[in-house]
Amino acid sequence: MNVSGKTVFLMLFGIAVAFSVDPIAGMFAFLALAAATNRDAVVRAYHTLNDAAYRVERQLEQRGLLPTALRTVTTPSINKEEAGVVTVDETADAPTAADASPASSAVTTPHINKREASVVTLPPPSLFSPTDPRPAWYAVPLGRDQTGSFRWIDFGKDALHIGLYGTSGCGKDHLLRLWFAALLNEPGAQWAILDGKGDWLTPNLARLPQMLFPPAGGYGDEGQRRILDAIGAINEEAKRRFGLLLGAGVRSVEEYNQTAPDPLPLLIVLATDIIDVVDETERLLIALVSKARALGIRVIVSMQTPTGKRLEWRMNLSTLISGALVDGSQDAPALGVRDPKALVYRPSQLPPPPGERGLFVVRYNNEQFVVRTPALVGDFDGLINARNDAALLETLLSSAVTTPRINKREDAVVTVDDPVPAHQQALGQRGRADTASERAGTVVVPSPTVPEPAKIAQIGGFRGDGDGGDDALLAALAALQRAGVSREQARALGLRFRNSDWARAARSVFVD
């Protein structure tokens, strides 16, 4: 706000008069003047004083200078039926490894109201396997809540954009891996990952078919450049989707996919620990969280604290999840509420790591609850490698192969015209052998003089039975070698051959 010098002089004169009458009134008049000229400075000053007050209170608690009644951080919980105070019991016994009951291994929270005194326990542990059934196509696990119920969120419905916060070691990366593993075999889900820390920059993730581009990030200027390039790629994808929707005359991806011959996948943009290119990332987040819902794009932002970040994207997040926080002043921003009195649970009161991991306070669909994330069944990298192997197998078996072959009588071309279905034995689901024509197509060797019946070659059952069998086997091995398949991968596909057959096929490839 720009004001003239005369106006400022009159304001200062009024403040001086107010101080002479009442110092408190003069202070409020000064704050009013500061707010009128520089609102942001007043807001920053308020937050600074608020944080300082919390720090002083914590120091007094640690030194035992506060009364017992004030030594815990309380959160008023008021509803239509009762008014109670939720406190964290600091005298609760530490859990032991020998005690397996959920109630005894949880930190208790006394909840006292007008009617009764009960104990709310932290959620019990649980397990999650990516092969388990899920309530919806794009549903991902949160874990068990304080009542013992297992909670899910659905990217396809109301979990549009997610903010995930918490101090280092609280379990944010584990929760993200759970979500990634849950959608790993979902063909309608696609990922774009911006990683400022480097946990997602592994070669096996880069090869996955559901990645829009390899995870971008890294250390130093090179990592910043990759993140900026990835931000540009995400913007281009959003423009492309907008053009497709506009050309089809629809308002959302859901409407577009009902009639489109090539449906658009759900694109999940994960931005984790982006601190080097804050301005560019926040501009991307502002654009995505406000406009990308109709384009079939969802955003997950993961960082230690949202304090100091721009409100334009923070206030548009539909789901807020927070692990343990260092300072109580961060509770309200982390859960996206303006009034701290509206907090049912405080993230700053969660047991901090490394003693406890995977505990989060969630605000989802106007509901607040505490969850403990489940343990992943199986190794994360092992699941990624298995998905890569399955994708490679699907690619090889669905592509036509043309292989020149020479025998004693003629020059002929062996072709496989029909796409080959996924091989059950390679996927670990050994079943009854199908007919040779259903599994590998038909090998046809035309003759100019004497017509011969078509010779059928089964992909897993080549045998040396004269010219046709050996030649068909060598032709198949040569085709796989030209496609870059190793000897071990060929055997995983079900082919039975000797090492000498592989060497002969390799020599024919070299001669060709």
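Structure first, text after, so check above.
Calculation notes
Residues numbered from 1 in each chain as written. Predicted model: local features only at pLDDT ≥ 70, side-chain atom pairs only at ≥ 80, totals over all residues. Heavy atoms only, no water. Salt bridge = Lys/Arg side-chain N within 4 Å of Asp/Glu carboxyl O. Buried < 20%, exposed > 50% of the residue type's maximum accessible area, 1.4 Å probe, protein only. Helix = DSSP H or I, 4+ residues; strand = E, 2+ residues; numbered from the N terminus. Pairing = 2+ DSSP bridges. Core = buried A, V, L, I, M, F, W, Y, C linked by side-chain atoms within 4.5 Å.

(A) View of the pattern of salt bridges. Applying the stated rule across the entire model yields 16 salt bridges. Note that Arg151 is salt-bridged to Asp145, the shortest N-O span being 2.9 Å. Across the pair, exposure class does not vary: Arg151 and Asp145 are buried alike. For Asp199, the salt bridge is made with Lys197, and the minimal N-O distance between the two is 3.5 Å. Owing to a relative accessible area of 47%, Lys197 belongs among the partly exposed residues under this scheme.

(B) Quick look at the pairing of strand β13 (residues 319–322). By the alternation rule, side chains of β13 split into Thr319 and Ile321 and Leu320 and Ser322, which are all buried. Of the pairings in the sheet, the one linking strand β8 (residues 161–165) to β13 comprises four bridges and is parallel in character. Bridge pairing in β13 links Ile162 to Thr319. As defined by bridge partners, β13 adjoins strand β14 (residues 359–364) across four bridges and the pair is classed as antiparallel. Within β14, the residue paired with Thr319 across the bridge is Tyr364.

(C) Up close: the nonpolar core. Counting 45 residues, the largest nonpolar core has Leu194, Ile234, Leu288, Ile297 and Trp313 as its most contacted members. Going through the elements one at a time, β9 (189–195), α6 (220–248), α7 (253–259), β11 (266–272), α8 (278–291), β12 (297–302), α10 (331–335) and β14 are the ones with two or more residues in this core. The element best represented in this core is α6, accounting for six residues. Core analysis: the second largest hydrophobic core is formed by 39 residues, Tyr138, Phe180, Ala181 and Tyr364 among them.

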